[in-house]
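Chains, contacts and geometry: an overview
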Amino acid sequence: MANSTNLPQLHRPVVSPLVLVVLVLAIAAVGMMLMLRFAHDQESRELAHWQNKLNLIADSRAADVNGWLDHHFKELGDVASNPSLQLYLAELLGGTEEPKPTPTEEPAQSVFLRNLLSITADRLGFIDKTSDELKSINANVRQPSGTGLAIINNQGKILVSTVGLPELDEPLAKKVADAPQGQTSLIDMYITENGAKLVGFVVPIYPIQG
């Protein structure tokens, strides 16, 4: 039999408590760094996702707004180029020799133009529905709403308008006066004294050809 005292003895490794604490802290630090990096990557991906989503929404809204503006400019341009409107406006301005109405009688040209403006304003949403303007074209007893359509001469005076826009307030009159002459332009959104938000369209009316 072999003597057990001659066999190599196995010794249990001795780990210093301080080294063990440092090792645990190092592992915890590495784990925390990995968790923070993962969380940061997740946050970056979420942020990029929402940015892309918001960009798509913004582009869609911008396209809707541009489409809305183009639609209104086209509709108003069609009305401004209406030969009947041009003819009656020329007569109203004295371009032809028509019998003058009595002082208490509104010119037939004004009646036609107001009716045309009222129908157009109702179709495009420029009439406050509470005013029921189409039923009171000849009875201007409603309170002005500040919205509507009007034909304005080169001096800024309203010739014909819908019921809700009998006159231009000072800020709007200045914006109309500052608009480029003879060009289609937009009066950007602004806030009135009573807090209402308004936007305006300026479309020139050219003399009837021939």
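Attention here is on the structure that accompanies the text. (Residues numbered from 1 in each chain as written. Predicted model: local features only at pLDDT ≥ 70, side-chain atom pairs only at ≥ 80, totals over all residues. Heavy atoms only, no water.)

1. Here's the deal with the overall build of the chain
Along the chain, the regular secondary structure elements total four helices and four strands. Beginning at the N terminus, the succession of helices and strands in the chain can be written as α-α-α-β-β-α-β-β. The proportion of buried residues among the 210 residues of the chain is 23%. Partitioning the contacts of the chain with sequence separation of at least 6, the portion at a separation of at least 24 is 43%. Counting only carbon and sulfur atoms, one obtains 60% of the accessible surface of the chain, whose full area is about 15700 Å². (Helix = DSSP H or I, 4+ residues; strand = E, 2+ residues; numbered from the N terminus. Buried < 20%, exposed > 50% of the residue type's maximum accessible area, 1.4 Å probe, protein only. Contact = heavy atoms within 4.5 Å. Areas by Shrake-Rupley, 256 points an atom, 1.4 Å probe, with all protein chains shown as cover.)

2. A word on the packing of aromatic side chains
Using the criterion set out here, one finds four aromatic pairs in the structure. Pairing Phe-73 with Phe-201 gives two aromatic rings, centres 5.0 Å apart and planes at 80°, and the pair type is edge-to-face. A residue pair is termed long-range when its members are at least 10 positions apart, and Phe-73 in helix H1 (residues 17-80) and Phe-201 in strand E4 (residues 197-202) qualify at 128 residues. Consider the rings of Tyr-88 and Phe-112, whose centres lie 4.4 Å apart with planes at 40°: the pair is tilted. In this pair, Tyr-88 sits in helix H2 (residues 83-92) while Phe-112 sits in helix H3 (residues 108-124), placing the two residues 24 residues apart along the sequence. The residue whose ring lies beneath Lys-175 is Tyr-190, and the NZ or CZ to ring-centre distance is 4.9 Å. (Phe/Tyr/Trp six-rings, centres within 6.5 Å; stacked < 30°, edge-to-face > 60°. Lys NZ or Arg CZ within 6 Å of the ring centre and 35° of its normal.)

3. Looking at H3
Over its 17 residues, H3 runs 24 Å from end to end, which matches the ideal 24 Å to within 8%, given 1.5 Å per residue. Among the residues making up H3, those that are buried are Gln-109, Ser-110, Leu-113, Arg-114, Leu-116, Leu-117, Ser-118, Thr-120, Ala-121 and Leu-124. Looking one or two residues past H3, Gly-125 carries a phi angle of roughly 85°, positive in sign. (Expected span 1.5 Å × (residues − 1).)

4. With respect to the pairing of strand E3 (residues 185-191)
In terms of strand pairing, E3 meets E4 through five bridges, oriented antiparallel. When the sheet's bridge partners are listed, Leu-186 is paired in E4 with Phe-201. Between E3 and E4, which pair antiparallel one after the other, the connecting turn spans five residues, and Gly-195 there sits at a positive phi close to 90°. (Pairing = 2+ DSSP bridges.)

5. Description of the nonpolar core
Core analysis: the biggest nonpolar cluster contains 16 residues, and Leu-85, Leu-113, Phe-126, Leu-149 and Ile-151 have the highest contact counts within it. For this core, the elements supplying multiple residues, two or more each, are H1, H2 and H3. No other element matches H3, which puts five residues into this core. When sequence neighbours within four positions are dropped, the list of residues in contact with Ile-151 reads Leu-85, Leu-89, Leu-113, Leu-117, Lys-157, Ile-158, Leu-159, Val-160 and Ile-205. Formed by 10 residues, the second largest nonpolar core is a distinct cluster that contains Leu-172, Ala-179, Ile-187 and Leu-198. (Core = buried A, V, L, I, M, F, W, Y, C linked by side-chain atoms within 4.5 Å.)

6. Considerations on a nonpolar patch on the surface
Together, Leu-20, Leu-23, Val-24 and Ile-27 make up an exposed nonpolar region whose accessible area comes to about 390 Å². Counting through the fold element by element, Val-24 comes out in helix H1. (Patch = residues over 30% accessible without salt bridge, like charges linked within 9 Å, V, L, I, M, F, W, Y side chains within 5 Å. Salt bridge = Lys/Arg side-chain N within 4 Å of Asp/Glu carboxyl O.)

7. Some points on the packing of H2 against H3
At a closest axis distance of 9 Å, the pairing of H2 and H3 adopts a crossing angle of 140°. One element, H2, and the other, H3, form an angle in the oblique class. Considering how the two elements wind past one another, H2 and H3 form a crossing that is left-handed. Every residue of H3 that contacts H2 at Ser-84, Leu-85, Tyr-88, Leu-89, Glu-91 and Leu-92 is listed here: Gln-109, Ser-110, Phe-112, Leu-113 and Leu-116. Considered class by class, the residues forming the contact of H2 with H3 number seven nonpolar, three polar and one charged. (Axes fitted to C-alpha atoms, helices over the stretch in contact; angles between N-to-C directions. Parallel < 35°, antiparallel > 145°, perpendicular 65-115°, else oblique. Left-handed = near helix turned anticlockwise from the far one by under 90°. Nonpolar A, V, L, I, M, F, W, Y, C, P; charged D, E, K, R; others polar.)

8. Brief notes about the environment of His-71
Positionally, His-71 belongs in helix H1. Judged by relative accessible area, which is 40%, His-71 ranks as partly exposed. In this structure, the C-alpha to C-alpha distance between His-71 and Leu-124, residues 53 residues apart in sequence, is 9.2 Å.

None of the figures reported here should be taken as evidence of function without further support.
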